[in-house]
Every structure is written in C-alpha cells, then in structure tokens.
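Observations on the three-dimensional arrangement
Residues per chain are reported as follows:
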Amino acid sequence: MVESLKKEIAACTLCLPHLAHGVRPVVQLSQKAKIAIAGQAPGRVVYETGLPFNDKSGDRLREWLGVTRDQFYDPDLFAIVPMGFCYPGTGKSGDLPPRPECRATWHDRIFEEMDQLELIVVIGAYAVDYHLGKRAYKTLTETVKNWQDFQPRHMVLPHPSPRNNIWLRRNPWYEQSIVPALQRRVDCLLS
C-alpha cells in the first residue's frame, strides 16, 4: 500500500493553482522505516534537487540525529513526511507555510499505512499541531523542553534551520540534554 501511496503523491497536483514554482512533491516512505521525520515543507534547494533536507537544515538535522547522509536517505531507515510536500514559495520573513491540502489529503492515510513507525521526530509548529494537537504546550519552546511527555512515540525538535541560531544560543539546554537523548533513541532503533 505504501508503494501505491508514493505513486499517488508523486502525481499530486492539488496545490498547483497556489504554487508559483509548480508542484514537485518531496517525501520518503517505506513500510520498513521505524523513524519518521515530520517537518514543515521543502525549501527552495530541496525543491530544486527533489531530495528532502538537502540543505544546511538537513546537515544540522543529521548531526542532531547522529546519522550519516547515507543512513538518512535510506527509506528503510527513515521516512520523511513534511506537512507540505511541495515548496510553498517565499514570504517576507522566510518560506511560506505549508499548503493545507497535503495534511488534509495525505497525512492520515500515510500514518495509518505506516503503523510500524516507533518514533516520529516532530519538527516545527505545523508538525506539532498535526502530531501532538492539544497535548502540545503553549509555545514550541515549552513543547521541546517537555519532550519526555511525548515519549516514546514522538520527539519534538525546533527547526534545524540556520535562521534558528538565535533560539539555539538562548536555549543551550536543547543541545546539551535533548540532542544526546535523541541520538540514543535513534541509535537504539537503528541497531
């Protein structure tokens, strides 16, 4: 079923009228993956290459996870399911929000099919809203800080974008305690 879903998603044009750059759905799915990366939406570089997290954000994310590039792009190890599959374009202060059509059309189906997942790495507010809903704290920082409340199924991260460097400097506890916990969990699941 996951294979047919991948084909359907690859052919999706639901958002075409709203996307200045056109559609190019970027997801990575497998019935074998134990870990899913649930982010926001592809950025410009990802849109151009068709490879999820193929940018500085991806470099930092792989570092946080403690995995190699080859491991990260092995669909049998990691599923990558952003809230929006296509590049939404750029706004005044960065990329636009993910289009809502993906969430409404695909996400419930994907996560029902991929019931083998043991960990969903939830990145950013849009993914938190979908995966945690009312269980999330008032702010993303509070939600990240209270990561243990969502274990063992979810691990909440801030966005790994270089634009988040100020947040990381203001919250050193994240890289001191949460990143090592994330790396241990990922290593355990990949072993």
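See above for the structure.
Let me sum up the structure you'll find in this document. Model, not experiment: these values are computed from the prediction.

Rules used in this analysis
Residues numbered from 1 in each chain as written. Predicted model: local features only at pLDDT ≥ 70, side-chain atom pairs only at ≥ 80, totals over all residues. Heavy atoms only, no water. Axes fitted to C-alpha atoms, helices over the stretch in contact; angles between N-to-C directions. Helix = DSSP H or I, 4+ residues; strand = E, 2+ residues; numbered from the N terminus. Parallel < 35°, antiparallel > 145°, perpendicular 65-115°, else oblique. Left-handed = near helix turned anticlockwise from the far one by under 90°. Contact = heavy atoms within 4.5 Å. Buried < 20%, exposed > 50% of the residue type's maximum accessible area, 1.4 Å probe, protein only.

**Observations concerning the packing of helix H1 (residues 2-10) against helix H5 (residues 100-113)**
Contact geometry of H1 with H5 gives a least axis separation of 10 Å together with a crossing angle of 160°. Compared by their axis directions, H1 and H5 come out roughly antiparallel. Seen along the crossing, H1 lies across H5 with a hand that is left-handed. Each of Val 2, Leu 5, Glu 8 and Ile 9 in H1 lies in contact with H5, whose residues at this interface are Trp 106, Arg 109, Ile 110 and Glu 113.

**Examining the environment of Leu 157**
Note on placement: Leu 157 falls in strand S6 (residues 154-157). Overall, Leu 157 belongs to the buried group, its relative accessible area being 0%. Counting along the chain gives 74 residues from Leu 157 to Met 83, while the straight-line C-alpha distance between them is 15 Å. Sequence-distant contacts of Leu 157, that is, excluding residues within four places in its chain, are made with Leu 61, Trp 64, Val 121, Val 122, Ile 123, Gly 124, Val 144, Tyr 174 and Leu 182.

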